[in-house]
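Working through the structure, step by step
For reference, the chains in residue letters:
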Amino acid sequence: MCHFPYRSSVLSFPKIRNIFWRFHHTSASHMCSCSKTVSDEKYQDPFQLGRKDLKNLYEDIKKELLVSTAELREMCEYYFDGKGKAFRPMIVVLMARACNIHHSNSREVQASQRSVAIIAEMIHTASLVHDDVIDDANSRRGKMTVNQIWGERKAVLAGDFILSAASLALARIGNTTIISVLTQVIEDLVRGEFLQLGSKENENERFAHYLEKTFKKTASLIANSCKAVSILGCPDPKVHEIAYQYGKNVGIAFQLIDDVLDFTSCADHLGKPAAADLKLGLATGPVLFACRQFPEMNAMIMRRFSKPGDVERARKYVLQSDGVQQTTYLAQRYCHEATREIRKLRPSPEREALIHLTEMVLMRDK
């Protein structure tokens, strides 16, 4: 389990207590254009490489959700429509292959490793269903949410059922270490949601709180899923740590960019309302960085943007500040760290695809 304590050196770059000052004073001339990481390696397309192992992914997930009640089945299958990019399962199968090649020069993904990819997508989707209930969201991936169609009570039960089905699939793997690693994800999701409900008055503590929440709600699933397939494919604890650190850093970067897109992308493109985080009272990276330039935002953060006009003013301050650029730059640093970790594995097309994936995380627009 990874923590982000205030005085921790969990990051290889500036410690949390210095993040505000150091990134706030970074000149624009030192920022990489469009957050593109630099490498001379020939990149492999992650989606092409992972396609074989992800074939029939959603059909296999639906097999795990077989229930007699037609309505419950329809609710549970609602987001497994095959229209998503399967980002998390794709990382998992690529990491599985990269670790297998590193250990035994085998490019085949084991059945148990593919099961981890399926379980990761199920846990992720269950968390989306529950999040939409908590946030009273009305759109997700460009369509109405489960809670809007079937109501909050049934949506909670559907999310619970998906989690229970994922737990059964996890038990069938029959490895107590893997069970321990992946159940940590569910605990982190709950703890992360509680962190999101709170806030800190001190600026540095607030940023540490935000990063810890980001890890628990988003990155823990990727980090621990990567660790799980590495354990199944290689006995070396050093490889397990490489896989974990790669997943952790990519996961945090993914969420940082998501928080940026909440300010820079239109609602139609995102598939959900723009400025949704502000409307929920959440102070994400762009807001926390902008607060350094506009201290009057502190009061708005503490009251969770609840007064009339708060959301609009906060959005204006963020766009007038360098909050978006600084958050993007921070995401870049996490991606550089992920790349540094994965390069410790033996060269393989899958390793290069995982490196390419860090660029895709930074360059995505929805």
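This is a predicted model, so every value here is computed, not measured.

A separate point is the confidence of the model for the chain. Averaged over every residue, the pLDDT of the chain is 86; the share at 70 or more is 86%. Summarising per-element confidence for the chain, the mean pLDDT is lowest in helix H1 (residues 16-24) (40) and highest in helix H17 (residues 323-342) (98).

With that settled, the discussion passes to the state of the cysteines. A complete count under the given rule lists zero disulfides for this structure. Cysteine 226 carries a free sulfur, and the closest cysteine sulfur to it, the one in cysteine 99, is 8.0 Å from it. The exposure class of cysteine 226 is buried, given its relative accessible area of 0%.

All right, on to the packing of helix H10 (residues 203-233) against helix H11 (residues 237-264) then. Angle between the axes and distance between the axes: these two values describe a pair of packed helices. With their axes 7 Å apart at the nearest point, H10 and H11 run at an angle of 145° to one another. Crossing of H10 over H11 shows right-handed handedness.

Contact geometry of helix H9 (residues 176-197) with H10 gives a least axis separation of 8 Å together with a crossing angle of 170°. Of the possible angle classes, the one that applies to H9 and H10 is roughly antiparallel. For the contact of H9 with H10, a count of residues per class yields eleven nonpolar, eight polar and eight charged.

Moving on, we come to a nonpolar patch on the surface. A contiguous nonpolar surface patch, about 420 Å² in accessible area, is contributed by Ile134, Val190, Phe194 and Leu197. Summarising the element assignment, valine 190 is placed in helix H9.

It is worth spelling out the pattern of salt bridges at this point. Applying the stated criterion across every chain, the model contains 20 salt bridges. Of the charged contacts, one joins lysine 52 and glutamate 108 as a salt bridge, the two residues approaching to 3.7 Å between their closest N and O atoms. Residue lysine 52 is found in helix H2 (residues 46-54), and its partner glutamate 108 is found in the loop between helix H5 (87-104) and helix H6 (111-135); the two are separated by 56 residues along the sequence. Salt bridges sharing partners connect three or more residues here, namely Asp53, Arg97, Arg107 and Glu350.

The rules behind each value
- Residues numbered from 1 in each chain as written.
- Predicted model: local features only at pLDDT ≥ 70, side-chain atom pairs only at ≥ 80, totals over all residues.
- Heavy atoms only, no water.
- pLDDT = per-residue confidence, 0-100.
- Helix = DSSP H or I, 4+ residues; strand = E, 2+ residues; numbered from the N terminus.
- Disulfide = S-S within 2.5 Å.
- Buried < 20%, exposed > 50% of the residue type's maximum accessible area, 1.4 Å probe, protein only.
- Axes fitted to C-alpha atoms, helices over the stretch in contact; angles between N-to-C directions.
- Left-handed = near helix turned anticlockwise from the far one by under 90°.
- Parallel < 35°, antiparallel > 145°, perpendicular 65-115°, else oblique.
- Nonpolar A, V, L, I, M, F, W, Y, C, P; charged D, E, K, R; others polar.
- Patch = residues over 30% accessible without salt bridge, like charges linked within 9 Å, V, L, I, M, F, W, Y side chains within 5 Å.
- Areas by Shrake-Rupley, 256 points an atom, 1.4 Å probe, with all protein chains shown as cover.
- Salt bridge = Lys/Arg side-chain N within 4 Å of Asp/Glu carboxyl O.

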